[in-house]
Amino acid sequence: MRIGTIDIDRPVILAPMEDVTDRAFRQLCKRHGADIVYTEFISAEALRRGAEKSIRKLTVADHERPVAVQIFGSTVESMVEAAAIAETYEPDYLDINFGCPVKKVAGRGAGAALLQEPEKLSAIASAVARAVSIPVTAKTRIGWDHDSINIIEIVRRLEDSGMQAVAVHGRTRSDMYKGKADWSRIAEAKAACSIPVIANGDVWNADDAAAMFAATGADGIMIGRGSIGNPFIFAQSVSLVRQGVRLPDPSYRERIAAATEHMRLSVEYKGEKYGIVEMRRHYSTYLKGLPGVSKVRNLLVRELDPAVIVELLAGFEAHCEALEREGRLKESGGEFLNDHSPKLTLNY
Ligand SMILES: Cc1cc2nc3c(=O)[nH]c(=O)nc-3n(C[C@H](O)[C@H](O)[C@H](O)COP(=O)(O)O)c2cc1C
């Protein structure tokens, strides 16, 4: 798949997720094999106003590359201005959000709302593509609702507007996250345009990743919720898709190590106070299914000192080791990874 100078065979990509794909999580996923990572979406209006929190989200590091910055907005003017600001932070490419279903975005004419205004969607896409010198891509859903599925028109418009790739989440806006993503609509979108198509929706393990490539004919795939607490999904998917090799599920040691690393990165990038607090909701997803997890989690979410958190996690590992020696560690054999209900509260 080619986007500008990026050229990767069947990339497995970390999807943009608000409150999840910050620098710490992106770096973790990168280390675990994600080919491309995306920032959280960033409001064009907020960038325009110079809102500090939004500006901070534009910061990307060289070790994350290739990395895309995603912006959303409802007017050509704000999106062009935001694109120019985002470009100065030197992401590898810029992505436009035409898929967000939540009220605070779609209710204000941005995100998925633009699926109902194809002319405006084209105007925003082409103006942004002209405004910057880095490649511009878009991410969208298959339509507003099941009576108005228009993904074929949309991908053709995006191609004509100069988008260099399009990511398609196989749900409508009205589906939110219900039901199953319709991969056949993604296949139709792929057949209807000649820019790279990135398939998205309901990849929970490496087998799903391989199945999604086969079912859609897409050039790349994008994983969102399936990576939360499970960055291992990237190396596993890449290995199965590109080499045909099935990697083993992560051991409890690897899962605890990933939680520890995530916490350290979170503190490094957000400072001790915010880094620790924001990490709290992640522990249960990393440790899901391990014996005694609720007890250690209760301690972890009350602790403020990163050194003590590292000790607690090391202690939990020792506890698992002891059970393993006694033959009493009932690992869930990877099943925890297929539990389709991440314990995170998802507001997006
Ligand atoms: C917590 C959360 C936050 C999200 N934030 C964004 C976002 O900022 N931009 C975006 O384009 N999609 C966002 N999404 C949608 C995901 O990128 C993805 O399209 C969706 O979760 C379907 O893929 P999955 O089944 O692999 O999770 C978000 C999804 C979740 C669950």
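Residues numbered from 1 in each chain as written. Predicted model: local features only at pLDDT ≥ 70, side-chain atom pairs only at ≥ 80, totals over all residues. Heavy atoms only, no water.

## Regarding the domain arrangement of the chain
On domain assignment, one finds that the chain holds domain 1 (2–243) and domain 2 (252–332). A C-alpha centroid distance of 31 Å is found between domain 1 and domain 2. Contacts between domain 1 and domain 2 engage 15 residues on the former and 13 residues on the latter. Buried area between domain 1 and domain 2, summed over both chains or domains, comes out near 1,200 Å², and the portion from carbon and sulfur atoms is 61%. If you look at where domain 1 meets domain 2, you find 2 salt bridges. Two residues, K270 and D22, come together in a salt bridge whose shortest N-O distance is 2.7 Å. (Domains from an automatic or database assignment. Contact = heavy atoms within 4.5 Å. Buried area = accessible area lost by both parts, 1.4 Å probe. Salt bridge = Lys/Arg side-chain N within 4 Å of Asp/Glu carboxyl O.)

## So, the site of the ligand
In the vicinity of the ligand, 18 residues are found, and the nearest of them are E18, Q70, N200, D202 and R225. Contacts to the ligand include G224, whose backbone N or O atom sits 2.8 Å from an oxygen atom. At a separation of 2.7 Å, an oxygen atom of the ligand approaches a polar side-chain atom of R225. Here the ligand has 610 Å² of accessible area as a free molecule, and 98% of this is covered by the chains. When its residues are assigned to classes, the shell around the ligand shows 8 nonpolar, 6 polar and 4 charged. (Near = heavy atom within 4 Å. Polar contact = N/O pair within 3.5 Å; in protein donor to acceptor, adjacent residues only side chain to side chain. Areas by Shrake-Rupley, 256 points an atom, 1.4 Å probe, with all protein chains shown as cover. Nonpolar A, V, L, I, M, F, W, Y, C, P; charged D, E, K, R; others polar.)

## A short note on the packing of helix α1 (residues 23–31) against helix α11 (residues 252–279)
The interhelical angle for the contact between α1 and α11, taken along N-to-C directions, is 140°, at an axis separation of 8 Å. It follows that α1 is oblique to α11 by the angle criterion. The way α1 lies across α11 gives a crossing that is right-handed. On α11, the residues touching R23, A24, F25, Q27, L28 and R31 of α1 are A258, E261, H262, L265, S266 and Y269. A breakdown of the residues in the contact of α1 with α11 according to their chemical character gives 6 nonpolar, 3 polar and 3 charged. (Axes fitted to C-alpha atoms, helices over the stretch in contact; angles between N-to-C directions. Helix = DSSP H or I, 4+ residues; strand = E, 2+ residues; numbered from the N terminus. Parallel < 35°, antiparallel > 145°, perpendicular 65-115°, else oblique. Left-handed = near helix turned anticlockwise from the far one by under 90°.)

## Notes on the side chain of D175
Assignment of secondary structure puts D175 in the loop between β8 (166–172) and α8 (183–192). Buried charge without a partner: D175 forms no salt bridge, and the closest opposite charge is R171, 5.5 Å away. A polar contact of 2.8 Å, which involves the side chain of D175, links it to the backbone nitrogen of T172. (Buried < 20%, exposed > 50% of the residue type's maximum accessible area, 1.4 Å probe, protein only. Lys, Arg positive; Asp, Glu negative; His and termini not counted.)

## Things to note about the sheet that holds strand β3 (residues 12–14)
The strand order β3-β4-β5-β6-β7-β8-β9-β10 describes a closed barrel built from 8 strands, whose pairing is parallel. Across the sheet, the mean angle from the axis of one strand to that of its neighbour is 30°, orientation sign disregarded. Taken together, the 3 bridges between β3 and strand β10 (residues 220–223) define a ladder with parallel strand orientation. Note on β10: the bridge partner recorded for I13 is M222. Contacts between helix α7 (residues 151–160) and the sheet are confined to β6 (93–98), β7 (136–143) and β8, with β7 contributing the most and set at about 170° to the helix. (Pairing = 2+ DSSP bridges.)

## Focus: empty space enclosed by the protein
Considering all chains together, one arrives at 2 cavities of 30 Å³ or more under this definition. Of the voids in this model, the second largest cavity is the one considered here, and its volume is about 50 Å³. Contributing to the lining of the second largest cavity are D19, V20, D22, H262, S266, K270, E278, M279, R281 and H282. Considering only residue class, the lining of the second largest cavity consists of 2 nonpolar, 3 polar and 5 charged. Domain assignment of the residues forming the lining of the second largest cavity places at least three in each of domain 1 (2–243) and domain 2 (252–332). (1 Å grid on protein atoms, 1.4 Å probe; cavity = no way out; pocket = protein on both sides within 12 Å on 5 of 7 lines; lining within 4 Å. Points joined across faces, edges and corners; volume = space filled by probe spheres on them.)

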